[in-house]
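As a plain string of letters, each chain reads:
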Amino acid sequence: MGASVCIDGALVAPELASVPVMDRGFLYGDSAFEVTRTYGGQPFALGAHLDRLERSCERLGIPATGLGAALRPEIAVALGAAANEESYVRVIVTRGITDIGLGVGRGETPRRVVVVLPLTEQPAALYEDGVELATVMSARALDGTGAAGAKASNYLPNILALAAARARGGYEALSVGPGGELLEGATSNVFLVRGGRVATPPLGVGILEGITRRVVMEAAREGGVEVEERLLFPPDLYGADEAFITSSLREVVPVVRADGAVIGDGRPGLVTRRLAAAFARRRDALLAAERG
Ligand code: PDD
């Protein structure tokens, strides 16, 4: 049971694992990353995560050819070495080392880092009682750039938004864009339910295309529940019958308050619980399909 680290294909003792100080991931946050977890020791939606990682790198101009194929066995080696019952898996690809300065496009060699940790199970209260969101006006690192929505490692805006939310008693921050539109959490996507209809912000507002978000939407549609992707604003949140957030580490978490306002009856909603169960069924089907 424990941690393991694989850097460019080499297993390194976690306590000794390091990257050079001239690595641009360290110097500038110039890197992309993915986070998933295992179920029964099997990383969930690994193909989708690696595809998204390659897309993030491409959008950042980090050479991405063959990244997924190179990383898949390295993730397997790191999981085997960690030998956890369940693991947290973080995969980082940096732009590597260049001459000092921000210039790019000079044939950099990306650095691949895989970090595996024992998975910290989420507290049952998260799902039984639900959580509070705090809206935070928050520009994110890539907003307004051609790479908006890529999963770049620079999470300082997310860190600061979460700190502001926690200072106001929120569990998760909910970022609000320049036009007042709801975006996403510091590390989650958001969904609202009103009159049995489910809605979530569209990718075009510059949010991460969450894998859990996608699986929930697929599961909902399979169950005859349409999910509308449309611009949402704080009054939509405060006036919702239900709300929930989604992420690879937390799956579907009910939201029962936002900025101090009670959502619905202040308890996890029925549609939310049904979609959480539908997600779990689809998740298990996807895991079985990945096992072949
Ligand atoms: N990412 N939006 C942001 C900004 C995120 O960081 C995450 C979670 C999500 C949900 O995406 P997914 O369903 O693919 O996990 C949305 C991981 C879990 C993290 O950063 O910890």
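Source: prediction; values computed, not measured.

1. Describing the nonpolar core
Most often, soluble globular proteins have nonpolar side chains that are buried together. Of all hydrophobic cores here, the largest spans 24 residues; its most connected members are L53, C57, L71, I75 and V114. Contributions of two or more residues to this core are made by α2 (46-60), α3 (67-82), β5 (87-94) and β6 (111-118). Here the element with the most residues in this core is α3; it accounts for six residues. When residues of this core are assigned to domains, at least three map to each of domain 1 (4-118) and domain 2 (124-288).

2. A look at the site of the ligand
Surrounding the ligand, one finds 19 residues, the nearest of these being K151, Y155, I211, T212 and S248. Within the side chain of R52, an N or O atom sits 2.9 Å from an oxygen atom of the ligand. Coverage of the ligand by the protein amounts to 95% of the 460 Å² it exposes when considered alone. For the shell around the ligand, the secondary-structure elements that each account for two or more residues are β3 (31-39), β9 (182-185), α6 (211-222) and β13 (242-247). Counted by class, the shell around the ligand contains six nonpolar, 10 polar and three charged residues. Three or more residues apiece are contributed to the shell around the ligand by two domains, here domain 1 (4-118) and domain 2 (124-288).

3. So, the domain arrangement of the protein chain
Parsing the protein chain into structural domains produces domain 1 (4-118) and domain 2 (124-288). Taken over C-alpha atoms, the centre of domain 1 sits 26 Å from the centre of domain 2. Counting residues at the interface gives 22 residues for domain 1 and 24 residues for domain 2. Together domain 1 and domain 2 conceal approximately 1,900 Å² of surface at their shared face, both sides included; 62% is due to carbon and sulfur atoms. If you list the elements that add at least two residues to the side of domain 1 that touches domain 2, you get β3, β4 (42-43), α2 and β5. Top element by residues in the side of domain 1 that touches domain 2 is β3. It accounts for eight residues. Residues that form the side of domain 1 that touches domain 2 fall into these classes: 11 nonpolar, six polar and five charged.

4. Structural notes on the packing of aromatic side chains
For the coordinates displayed, the defined rule picks out four aromatic pairs. Arranged with centres 5.1 Å apart and planes meeting at 80°, the rings of F33 and Y155 form a pair that is edge-to-face. Of this pair, F33 sits in strand β3 while Y155 is found in the loop between β7 (131-137) and α5 (156-167), placing the two residues 122 residues apart along the sequence. We classify F33 as buried; its relative accessible area is 2%. Taking the centre distance of 6.2 Å and the plane angle of 80° together, the rings of F44 and F279 count as edge-to-face. Here F44, found in the loop between β4 and α2, pairs with F279, found in helix α8 (residues 270-291); they are 235 residues apart in sequence, far enough to count as distant. Of the two residues examined, F44 and F279, each falls in the buried class.

5. What to know about α2
Taking 1.5 Å per residue, 15 residues should reach 21 Å; α2 reaches 21 Å between its end C-alpha atoms and fits that length. Of the residues making up α2, those classed as buried are L46, H49, L50, R52, L53, S56, C57 and L60. The buried side chains of α2 occupy one side of the element, clustering within an arc of 160° when seen end-on. Tucked into the core, α2 has its buried residues touching β3, β4, α3, β5, α6 and α8. Immediately downstream of α2, the backbone of G61 shows phi near 75°, a positive value.

6. Thoughts on the pairing of β7
The side chains of a regular strand alternate between both faces of the sheet. β7 sits mainly inside the fold: six of its seven residues count as buried. When β7 meets strand β14 (residues 251-258), the two strands line up parallel, connected through three bridges. Opposite L133, over in β14, you have A258 as the bridge partner. Where β7 meets strand β8 (residues 172-176), five bridges bridge the pair, whose relative direction is parallel. Considered in β8, the bridge of V136 is made with S175. Chirality of the crossover, the property in question, places the unit of β7, α5 and β8 among those that are right-handed.

7. Observations regarding the packing of α2 against α3
Running from N to C, α2 and α3 point in directions that differ by 135°, and their axes come no closer than 9 Å. Here α2 is positioned oblique relative to α3, judged by the angle of their axes. Relative to α3, the crossing made by α2 is right-handed. Within the contact between the two elements, α2 uses L46, G47, L50, L53, E54 and C57 and α3 uses L67, G68, A69, L71, R72 and I75. For the contact of α2 with α3, a count of residues per class yields eight nonpolar, two polar and two charged.

Rules and cut-offs
- Residue positions are counted from 1 within each chain, in the order its sequence is given.
- Under the rules for a predicted model, residues below a pLDDT of 70 receive no local features and side-chain atom pairs below 80 are neither given nor counted, while totals for whole chains, interfaces and linings still include all residues.
- The side-chain quantities take in all heavy atoms of the structure and omit both hydrogens and water.
- Think of a nonpolar core as a cluster: buried Ala, Val, Leu, Ile, Met, Phe, Trp, Tyr and Cys residues, connected wherever their side-chain atoms sit within 4.5 Å.
- Think of it in three bands: with a 1.4 Å probe and only protein chains considered, a residue is buried below 20% of the maximum accessible area for its type, exposed above 50%, and partly exposed in between.
- Going along the chain from the N terminus, every DSSP run of H or I of four or more residues is numbered as a helix, and every run of E of two or more is numbered as a strand.
- Where each domain starts and ends comes from a domain assignment, either automatic or drawn from a database.
- Neighbouring residues are identified by heavy atoms, a residue being near a molecule or strand if any of them is within 4 Å of it.
- Any pair of nitrogen or oxygen atoms within 3.5 Å is treated as a polar contact; in protein, a donor-acceptor pairing is required on top of that, and neighbouring residues in sequence qualify only through side-chain atoms on both sides.
- Note on areas: Shrake-Rupley with a 1.4 Å probe; residue coverage comes only from the protein chains shown.
- Under the grouping applied here, Gly and all other residues not named as nonpolar or charged are polar, the nonpolar ones being Ala, Val, Leu, Ile, Met, Phe, Trp, Tyr, Cys and Pro and the charged ones Asp, Glu, Lys and Arg.
- The contact rule is simple, with two residues in contact once any of their heavy atoms fall within 4.5 Å.
- We define buried area as the total accessible area lost by two parts upon association, computed with a 1.4 Å probe and summed across both.
- When the centres of two rings from Phe, Tyr and Trp lie within 6.5 Å, Trp using its six-membered ring, the rings pair. Their planes under 30 degrees apart give stacked, over 60 give edge-to-face, and anything left gives tilted.
- Expected helix span is taken as 1.5 Å per residue step, with the number of steps being one fewer than the number of residues.
- Here the arc refers to the set of directions running from the helix axis out to each C-beta atom.
- Whether two strands pair depends on DSSP finding at least two bridges between them.
- Orienting the strands away from the viewer, one traces the path from the first strand over the helix to the second; a clockwise path indicates a right-handed crossover.
- Helix axes are fitted to C-alpha atoms over the stretch in contact, other axes to C-alpha atoms as well, and angles between N-to-C directions run from 0 to 180 degrees.
- These descriptions rest on fixed angle ranges, namely under 35 degrees for roughly parallel, over 145 for roughly antiparallel, 65 to 115 for roughly perpendicular, and the rest for oblique.
- We call a crossing left-handed when the near helix sits turned anticlockwise from the far one by less than a right angle, and right-handed when that turn is clockwise.

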